[in-house]
Amino acid sequence: MRLVLLGPPGSGKGTQGQRLASRLGVVHIATGDLLREQVESGTELGRTVAGFLDSGQLVPDQLVLDWALPQLRKAAAAGGYVLDGFPRSVAQAIAVDDLAQRDPIAVDVVVSLEVARAELLRRLLARAAEEGRSDDTHEVIENRLQVFAEETSPLARYYREQAKLLLVDADRDADEVTESILSALAERGQRPG
Ligand code: AMP
């Protein structure tokens, strides 16, 4: 199974990504977490991307692609993936589709986590208080939601046109959301692995 989780900051991609990957027996790739690790370890990539993360802007496509596509290839070869936070722009999705012409890495299904804006803000501000992430300040949160609306949400249309999009009400308890995704996948005839 090769699945993409699509959703704004605060929609639960991280939580659902981990759970789905373990239930489906595939690799979870969370580009935001991996990029934060690079920043924390002070790698060259980390130093280059730190400013984008802090301000809530997207890291430039080519940088992300050079680094993420090899991981995607590896995960696909090992049985599949759940992508959380990638692709995040239509250009990134096109790059995945281009590579899929040569390598068996094509996305099977895209799960869009639907949550009302007021609830997103509530969750993100609560997380800011708990985790103190550098991009969870009020101003940066607004910016990240804006970046999502402008650069990432067009992916819904991109994948709807490929008949890969599945909408899920994610304004619910995390367990309910996981079960509803798994049953929607089963209804589509999508099998683990
Ligand atoms: P996240 O943890 O998914 O909310 O991501 C945190 C930050 O990492 C984002 O605000 C971006 O700066 C950066 N980021 C993560 N994934 C990507 C991606 N696929 N393309 C560009 N930037 C990304």
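Above this text is the structure in question.
Bear in mind that the values here come from a model prediction, so they are computed numbers and not experimental data.

A. Fine view of the overall build of the protein. Per the secondary structure count, the protein includes nine helices and five strands. Against the globule reference of 16 Å for 193 residues, the protein gives a C-alpha radius of gyration of 16 Å, in line with a compact fold. Considering the protein as a whole, with its 193 residues, one finds that 48% of them fall into the buried category. Across the protein, every contact between residues at least 6 apart in sequence was considered, and the portion connecting residues at least 24 apart equals 74%. Accessible surface, the protein: about 9,400 Å² in total, of which carbon and sulfur atoms supply 50%. Charged side chains of the protein number 22 positive and 30 negative; the gap between the two group centres comes to 4 Å.

B. The side chain of Gln-92, seen in detail. Relative to the elements of secondary structure, Gln-92 occurs in helix H5 (residues 90-100). Each residue touching Gln-92, except ones within four places of it in the same chain, is listed here: Asp-61, Val-64, Leu-65, Phe-86 and Pro-87.

C. Focus on the sheet that holds strand E4 (residues 109-114). Spatially, the five strands line up as an open sheet ordered E2-E3-E1-E4-E5, and their pairing is parallel. Every other strand in the sheet has two partners, leaving strand E2 (27-30) and strand E5 (165-169) as the edge strands with one partner each. When strand polarity is set aside, the average angle formed by the axes of neighbouring strands in this sheet is 20°. In this structure, E2 lies alongside strand E3 (residues 81-84), joined through four bridges in parallel fashion. Bridge assignment links Ile-29 to a residue of E3, and that residue is Leu-83. Here helix H1 (residues 13-24) sits on the sheet and contacts strand E1 (2-6), E2, E3 and E4; the angle it forms with E1, its principal contact strand, is near 165°.

D. Region of interest: the site of the ligand. The environment of the ligand is made up of 17 residues, and the closest members are Thr-31, Gln-57, Gly-85, Arg-88 and Gln-92. Between Arg-36 and the ligand, the recorded distance is 3.0 Å, taken from a side-chain N or O atom to an oxygen atom. Within the contact set of the ligand, an oxygen atom lies 3.5 Å away from a side-chain nitrogen or oxygen of Arg-144. Against a free-state accessible area of 480 Å², the protein chains account for coverage of 96% of the ligand. Residue contributions to the shell around the ligand peak at four residues, all from helix H2 (residues 31-41). For the shell around the ligand, a count of residues per class yields seven nonpolar, five polar and five charged.

E. Summary view of the side chain of Lys-13. Mapped onto the fold, Lys-13 is located in helix H1. One buried charged side chain, Lys-13, makes no salt bridge at all; its nearest oppositely charged neighbour is Asp-84, positioned 5.0 Å away. From its side chain, Lys-13 meets the backbone oxygen of Gly-7 in a polar contact 2.9 Å long. Once residues lying within four places of it in the same chain are set aside, the contact partners of Lys-13 are Leu-5, Leu-6, Gly-7, Pro-8, Asp-84, Gly-85 and Leu-113.

Parameters at a glance
- Residues numbered from 1 in each chain as written.
- Predicted model: local features only at pLDDT ≥ 70, side-chain atom pairs only at ≥ 80, totals over all residues.
- Heavy atoms only, no water.
- Helix = DSSP H or I, 4+ residues; strand = E, 2+ residues; numbered from the N terminus.
- Rg over C-alpha atoms; globule rule 2.2 N^0.38 Å.
- Buried < 20%, exposed > 50% of the residue type's maximum accessible area, 1.4 Å probe, protein only.
- Contact = heavy atoms within 4.5 Å.
- Areas by Shrake-Rupley, 256 points an atom, 1.4 Å probe, with all protein chains shown as cover.
- Lys, Arg positive; Asp, Glu negative; His and termini not counted.
- Charge placed at Lys NZ, Arg CZ, Asp CG, Glu CD.
- Pairing = 2+ DSSP bridges.
- Axes fitted to C-alpha atoms, helices over the stretch in contact; angles between N-to-C directions.
- Near = heavy atom within 4 Å.
- Polar contact = N/O pair within 3.5 Å; in protein donor to acceptor, adjacent residues only side chain to side chain.
- Nonpolar A, V, L, I, M, F, W, Y, C, P; charged D, E, K, R; others polar.
- Salt bridge = Lys/Arg side-chain N within 4 Å of Asp/Glu carboxyl O.

Everything listed here is a matter of geometry and, on its own, says nothing about what the molecule does.
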